[in-house]
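Descriptive structure summary
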Amino acid sequence: MFQVDIIEQCKQNNRKAQLQLYNQYCDGMYIVAKRFLKDANDAEDVVQEAFIKAFSRLHQYKAEVTFGAWLKRIVVNKSIDFLKSKKQQLVELDDVHLKVVDTPVDDKWLVDDAITLDDVKLAINKLPDKYQYVVMLYLIEGYDHQEISEILSISEVASRTQLSRGKVKLQELLTLRSHGARY
């Protein structure tokens, strides 16, 4: 069954098609939610809520992007809403989720070779929430400033500013102190 057919059947409340769509995307969406949330149960809850919202708003899906990308945005928004409501820290990142990006030498994302992945994780978790969200959405999830502004309901200028300030704070946290201690 083609993706378009499944979505059309889901729009008509076909439970079998909804289950098929759910099974196709639930694992991937769980991974997305888990990147933001520390607790596996919270991530599962967020994914369930995201699917409920997606199915109830399926009539708004216009296929301008893939269904997976549309659903991922819902999961990210639900995850951020959950974090805001619980005021929890953003989560641990798995090694496989960090991606290497070609950057100019003077780019603030570059860090000393002695910095470990654990150092980066700890530093991101120490950032203020508004910086954490933008840094994670940009660096980990790969969203651009327009998408981040829509997700967080902030202007693109605010997204760029918060990312820039987040970079500076992250760089400060990751800088080895002269006596060799970190943080």
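Residues numbered from 1 in each chain as written. Predicted model: local features only at pLDDT ≥ 70, side-chain atom pairs only at ≥ 80, totals over all residues. Heavy atoms only, no water.

1. Some words on the pattern of salt bridges
- Per the counting criterion, the structure on display carries six salt bridges.
- Note that E141 is salt-bridged to K72, the shortest N-O span being 3.2 Å. Here K72 lies in helix α4 (residues 67-86) and E141 lies in the loop between α6 (129-140) and α7 (145-152), a separation of 69 residues in the sequence.
- Residue classification places K72 among the partly exposed positions, given a relative accessible area of 21%.
- Salt-bridge contacts for E147 lead to R73; the nearest nitrogen and oxygen are separated by 3.8 Å. Linking E147 in helix α7 with R73 in helix α4, this pair joins segments that are 74 residues apart in sequence.
- Assessed through its relative accessible area of 26%, E147 is described here as partly exposed. (Salt bridge = Lys/Arg side-chain N within 4 Å of Asp/Glu carboxyl O. Helix = DSSP H or I, 4+ residues; strand = E, 2+ residues; numbered from the N terminus. Buried < 20%, exposed > 50% of the residue type's maximum accessible area, 1.4 Å probe, protein only.)

2. Observations concerning helix α3 (residues 40-56)
- In this model α3 runs 24 Å from its N-terminal to its C-terminal C-alpha over 17 residues, within 8% of the 24 Å that 1.5 Å per residue would give.
- For α3, the complete set of buried residues consists of D42, A43, V46, V47, A50, F51, A54 and F55.
- Put simply, D39 is the residue that caps the front of α3, since its side-chain oxygen is 3.0 Å from the backbone nitrogen of N41. (Expected span 1.5 Å × (residues − 1). Polar contact = N/O pair within 3.5 Å; in protein donor to acceptor, adjacent residues only side chain to side chain.)

3. Points about the packing of aromatic side chains
- On inspection of all chains with the given rule, the structure shows six aromatic pairs.
- Centroid distance F51 to F55: 6.0 Å. Interplanar angle 40°. Geometry classified as tilted. Of this pair, F51 and F55 both sit in helix α3, four residues apart, which is roughly one turn of that helix.
- Classification of F51 by relative accessible area gives buried; the value is 2%.
- A residue is classified by how much of its surface remains accessible, and F55, at 19% relative accessible area, is buried.
- Ring centres of Y61 and F67 lie 5.6 Å apart, and the angle between their planes is 90°; this geometry places the pair in the edge-to-face category. The residues Y61 and F67 share a single accessibility class, namely buried.
- An aromatic cluster of three or more residues is present, and its members are Y25, Y61, F67 and W70. (Phe/Tyr/Trp six-rings, centres within 6.5 Å; stacked < 30°, edge-to-face > 60°.)

4. Some points on α6
- For α6, with twelve residues, the first-to-last C-alpha span of 15 Å sits near the 16 Å given by 1.5 Å per residue.
- Burial of α6 is extensive: nine of the twelve residues sit out of reach of the surface.
- Buried residues of α6: Y131, Q132, Y133, V134, V135, M136, L137, L139 and I140, and no others.
- At its buried positions, α6 is contacted by α2 (15-36), α4, α5 (117-126), α7 and α8 (156-174).
- Of the residues trailing α6, G142 is marked for its positive phi of about 80°. (Contact = heavy atoms within 4.5 Å.)

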